[in-house]
Amino acid sequence: MNAHNDVKRPSDQSLDGRLVPAAARLRFAARVDFLVARWLERCATNAEVAQRWFKTDRKPTHEFGMGVSLVASSPRWDETA
């Protein structure tokens, strides 16, 4: 009986040449997606920090008819002078 000849070992299997570039493209696309997502997260964090730094004054103003003034306030500025 030659039953042991029917079992293919990993070294016996031929590697399909079309699958290697396709798998590499998928890994590359996944890596690019990860890096872009991380970059966008940093951009969003930086935007939130910038918004905290330059919060607009929430006191209602009558001259523009809105609840927001166009003057940015910052804790670093001395507004009493």
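The structure reproduced in this document is the subject of the present report. (Residues numbered from 1 in each chain as written. Predicted model: local features only at pLDDT ≥ 70, side-chain atom pairs only at ≥ 80, totals over all residues. Heavy atoms only, no water.)

Let us look at the overall build of the chain. Broken down by element type, the chain carries one helix and zero strands. When burial is assessed residue by residue, the chain has 4% of its 81 residues classed as buried. Looking at the chain as shown, the accessible area adds up to about 8000 Å², and 60% of this sits on carbon and sulfur atoms. (Helix = DSSP H or I, 4+ residues; strand = E, 2+ residues; numbered from the N terminus. Buried < 20%, exposed > 50% of the residue type's maximum accessible area, 1.4 Å probe, protein only. Areas by Shrake-Rupley, 256 points an atom, 1.4 Å probe, with all protein chains shown as cover.)

In this section: a nonpolar patch on the surface. Side chains of Phe28, Val32, Val36, Trp39 and Leu40 sit close together on the surface and give an oily, nonpolar patch of about 490 Å² of accessible area. Positionally, tryptophan 39 belongs in helix α1 (residues 19–53). (Patch = residues over 30% accessible without salt bridge, like charges linked within 9 Å, V, L, I, M, F, W, Y side chains within 5 Å. Salt bridge = Lys/Arg side-chain N within 4 Å of Asp/Glu carboxyl O.)

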